[in-house]
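Residues per chain are reported as follows:
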Amino acid sequence: MTTASATAAGILAAHTREVADFPKPGVMFKDLTPLFRDPAAFDVVLADIAARWAGQVDVVAGVEARGFIIGAPLALRMGLGFVPIRKAGKLPGDTHARSYDLEYGTATIEVTTDAFTAGHRVLLVDDVLATGGTAAAACDLVEGAGAQVVGLEMLLELSFLGGRDRLPGREVRAILVD
Ligand SMILES: O=P(O)(O)OC[C@H]1O[C@H](OP(=O)(O)OP(=O)(O)O)[C@H](O)[C@@H]1O
Ligand SMILES: Nc1ncnc2[nH]cnc12
């Protein structure tokens, strides 16, 4: 029997472009733009994610930039709001911030202090789980702002980089694990 997730995984595998030595030597970059420009394929992947988390979350959050591409249409499909977690210096007003390391550099992300309703259940989405630095910082940020991360949804997981180890006790789902 073919499950919905197996179908989504096959679609992801067929719509991932691997680019060696980008953005720096030694990194095998997983480019999901082939998925984003194929509406039928993207729709299957979003439907799979929506079915997995239906009724369990109150709001979807995504990290700039690729988390926006997935998170906003997912939230709309689920009838939920979307909260953008942005790279430093982009959001107006009062913000919470966290800095972190990732596979090819360092970064700071921010969210506005009024982004979440206290106690809301948050689904955090992104395209790739690599070292887990981004996801761990984003969880910290959401929970520091008074909401609760009930799950993380990643399209691709680069398991050899150990991202899950930085998310102990978290419900982390990846559609395709490399
Ligand atoms: O698990 P990690 O090692 O933290 O890496 C994963 C993060 O790296 C990529 O974003 P990037 O920071 O390259 O930003 P972009 O979405 O703006 O391209 C990706 O979209 C994840 O957010
Ligand atoms: N190898 C990789 N490909 C795409 N996005 C990434 N983010 C961190 N590492 C990555």
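Structure report, in brief. (Residues numbered from 1 in each chain as written. Chains lettered and ligands numbered in written order. Predicted model: local features only at pLDDT ≥ 70, side-chain atom pairs only at ≥ 80, totals over all residues. Heavy atoms only, no water.)

Time to look at the site of ligand 1. The immediate surroundings of ligand 1 are formed by 15 residues, with Tyr104, Asp126, Asp127, Thr131 and Thr134 found nearest. Taking Lys87, its side chain carries an N or O atom lying 3.0 Å from an oxygen atom of ligand 1. Thr134 places a side-chain nitrogen or oxygen 2.6 Å from an oxygen atom of ligand 1. Look at ligand 1: alone it shows 500 Å² of surface, and the protein chains cover 87% of it. According to the grid-proximity analysis, the pocket containing ligand 1 is the largest pocket. Contributions of two or more residues to the shell around ligand 1 are made by strand S7 (121-129) and helix H5 (133-144). No other element matches S7, which puts 3 residues into the shell around ligand 1. Of the residues belonging to the shell around ligand 1, the class tally is 5 nonpolar, 4 polar and 6 charged. (Near = heavy atom within 4 Å. Polar contact = N/O pair within 3.5 Å; in protein donor to acceptor, adjacent residues only side chain to side chain. Areas by Shrake-Rupley, 256 points an atom, 1.4 Å probe, with all protein chains shown as cover. 1 Å grid on protein atoms, 1.4 Å probe; cavity = no way out; pocket = protein on both sides within 12 Å on 5 of 7 lines; lining within 4 Å. Sits in = over half its atoms within 2 Å of the grid points. Helix = DSSP H or I, 4+ residues; strand = E, 2+ residues; numbered from the N terminus. Nonpolar A, V, L, I, M, F, W, Y, C, P; charged D, E, K, R; others polar.)

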